[in-house]
Amino acid sequence: MILNRYHPFYIRDILLFTSVIICIGCNKKQQPKKIQESILTTSIQVIENIPKGISIPTGMVWIPGGSFTQGAIKNDTLLMHHETPAHEVLIDGFFMDTTEVTNAQFQKFIEATYYTTVAEREVIWEEIKKQLPPNSPKPEDSLLQPGSLIFKKAHQSVPNLYDYSQWWLWEIGANWKHPSGPKSSIQGKENHPVVHISYEDAVAYCNWARKRLPSEAEWEYASRGKDKNTVFFWGNNLKNLTKYANTWEGEFPTQNTNKDGYENKAPVGSYPSNSYGLYDMAGNVWEWTQDWYNITYYKKLKQQGVAHNPKGASKPYNPNNPTVQEKVIKGGSFLCSDSYCASYRNSARMATSIDSSLEHLGFRTVVSLDMIRETKK
């Protein structure tokens, strides 16, 4: 899992102490008969096709409405418990970005609004103290500077993959303009996904662009493409991973063979799309959704029966990280490997704090029909 910028793990590099780290757990083509029967017994009308008079927004595709089983499928040997129980969902059609939001797109937003991202803002000690042990000493002001987490390779094999400090480094000056640290730049990387984006940053962009973040259900429904019952968006064959996604090959986090062509982030659209024309729905960078992360939510949806356009839990709940407000992120990143998180699967999900900003965390946006109708009023 991913930790927030005021989490003790971040501050440990600043305070230079190691006593506090909170570790949290990071094929039939027709619809299943069970879902078909459920749809027949409900009066819910699902919007499947684009209504007349509605145009497809630039850079987006129409995701036709329908039904699917959200959560891990039975033959997924890499599933995690929080991807269960699987439950039936109906989704109205919507528009979705074909790619993750790029550096160039985000820069237009910054130039138009003069917005300052979370990673660029002053670090507030009073906020940090809330998640540190009582009486923790305040570090020197020179160390309490804006920054974010960047990835670093480990020098030797890592027996404990729950100790994230072995491959994450708090870097003063790291942000969306300097994704690998203050000496790095996005020049020549305008078509790369923007990263070091907190939830607040993503929402600010959406408000400017008159779009929104997808719900978790919308994201997974779109990721699965036209065949809703596969482990990966391309099917069930893990051997095709390097063809379809930018992930980690080799021993994590010491050696990346670059079999898929990239060591770090790849330009958006570098790999084949899914059957809806969406790129990078697996690997490259994690993507924000609008849903709170709540470990009881899937169980409640299962008990509810068929859910129509579920919007997520009403509040966050994670007993492993009870003081932090977390949202669901989807899709995995260039750091995902089968030995670590295998989050390039359709049902994979992780929790991250709303103030997190990291080198492998970005977003894409959606537009629903109600938003277009509201704009036309």
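None of these values were measured; they are calculated from a predicted model.

So, how was this worked out
- Residues numbered from 1 in each chain as written.
- Predicted model: local features only at pLDDT ≥ 70, side-chain atom pairs only at ≥ 80, totals over all residues.
- Heavy atoms only, no water.
- Phe/Tyr/Trp six-rings, centres within 6.5 Å; stacked < 30°, edge-to-face > 60°.
- Buried < 20%, exposed > 50% of the residue type's maximum accessible area, 1.4 Å probe, protein only.
- Helix = DSSP H or I, 4+ residues; strand = E, 2+ residues; numbered from the N terminus.
- Pairing = 2+ DSSP bridges.
- Core = buried A, V, L, I, M, F, W, Y, C linked by side-chain atoms within 4.5 Å.
- Contact = heavy atoms within 4.5 Å.
- Axes fitted to C-alpha atoms, helices over the stretch in contact; angles between N-to-C directions.
- pLDDT = per-residue confidence, 0-100.
- Arc of directions from axis to C-beta.

Chemist: Quick rundown of the packing of aromatic side chains? Include the residues and the values.
Modeler: If you walk through the whole model with that rule in mind, you get 24 aromatic pairs. Aromatic side chains Phe-233 and Trp-234 sit 5.1 Å apart centroid to centroid with 85 degrees between the ring planes, which places their arrangement in the edge-to-face category. On the basis of relative accessible area, Trp-234 is assigned to the buried category, the value being 15%. For the pair Trp-234 and Tyr-244, a centre-to-centre distance of 5.3 Å together with 5 degrees between the ring planes defines the contact as stacked. Pair noted here: Trp-234 is in the loop between helix H6 (216-224) and helix H7 (241-244) and Tyr-244 is in helix H7, with a separation of 10 residues, a long-range link. For the pair Trp-234 and Tyr-244, one class covers both residues: buried.

Chemist: I'd like a description of the sheet that holds strand S11 (residues 361-362), backed by residues and values.
Modeler: One open sheet accounts for 4 strands, arranged S10-S9-S7-S11; its pairing is mixed. At either end of the open sheet lies a strand with only one pairing partner, and these are strand S10 (349-353) and S11. The sheet contact formed by strand S7 (residues 286-292) and strand S9 (residues 326-330) spans 3 bridges and is antiparallel. Across the sheet, the residue bridging to Glu-287 is Lys-330, located in S9.

Chemist: Go over the nonpolar core, please, and point to the residues and values.
Modeler: Counting residues in each nonpolar core, the largest one holds 64 residues, and the members touching the most others are Ile-63, Met-96, Phe-106, Trp-167 and Phe-363. Considering every element that reaches this core, the biggest residue donor is helix H5 (residues 199-209), with 5 residues. The next biggest cluster of nonpolar side chains, apart from the first, holds 7 residues, and it includes Ile-54, Met-60, Trp-62 and Phe-95.

Chemist: Before we move on, could you go through the environment of Leu-238 and cite the residues and values that matter?
Modeler: The topology assignment puts Leu-238 in the loop between H6 and H7. Linking Leu-238 and Arg-345, residues 107 residues apart in sequence, is a C-alpha distance of 9.6 Å. Contacts of Leu-238, omitting those with residues within four sequence positions, involve Phe-232 and Tyr-344.

Chemist: Which residues make up H5, and what are the values?
Modeler: Taken residue by residue, H5 has Tyr-199, Asp-201, Ala-202, Ala-204, Tyr-205 and Cys-206 as its buried positions. Elements that come into contact with the buried residues of H5 comprise helix H3 (103-113), S7 and S9. Trailing H5 by a residue or two, Arg-210 shows a phi angle of about 60 degrees, which is positive.

Chemist: Could you give me a rundown of the sheet that holds strand S4 (residues 94-97), with the residues and numbers involved?
Modeler: Strands pair in a sheet through their backbones, by hydrogen bonds, and they do so in one of two ways: parallel or antiparallel. One open sheet holds the 3 strands; their spatial order is S1-S4-S12, and the pairing between them is antiparallel. Of all strands in the sheet, those bounded by a partner on one side alone are strand S1 (60-63) and strand S12 (366-368). Within this sheet the neighbouring strands show an average axis-to-axis angle of 25 degrees, counted without direction. Across 3 bridges, the pairing between S4 and S12 is antiparallel. Paired with Met-96 across the two strands is Val-366, which belongs to S12. Strands in contact with H6 are S1, S4 and S12; relative to S4, the strand with the most contacts, it is inclined by about 75 degrees. Contacting S1, S4 and S12, helix H9 (residues 369-376) crosses the sheet at an angle of about 70 degrees to S12.

Chemist: I'd like a description of the confidence of the model for the protein chain, backed by residues and values.
Modeler: In the predicted model, the protein chain carries a mean pLDDT of 88, and the fraction of residues at 70 or more is 87%. This stretch, residues 6-41, has a pLDDT under 50; its non-local contacts, to residues over four places away or in other chains, come to 92 contacts.

Chemist: Run through helix H8 (residues 297-304), naming residues and quoting values.
Modeler: At 3.6 residues per turn, the α-helix brings residues three or four places apart onto the same side. Of all the positions in H8, only Tyr-297, Tyr-298 and Leu-301 are classed as buried. The buried residues of H8 all sit within an arc of 95 degrees when viewed along its axis, so they share a single face. The outward face of H8, more than 90 degrees from its buried face, is lined by the exposed residues Lys-299, Lys-300 and Gln-303. Here the buried face of H8 lies against strand S2 (66-70), strand S3 (87-91), H6, strand S8 (307-308) and S10. Following H8 by one or two positions, Gly-305 has its phi on the positive side, about 100 degrees.

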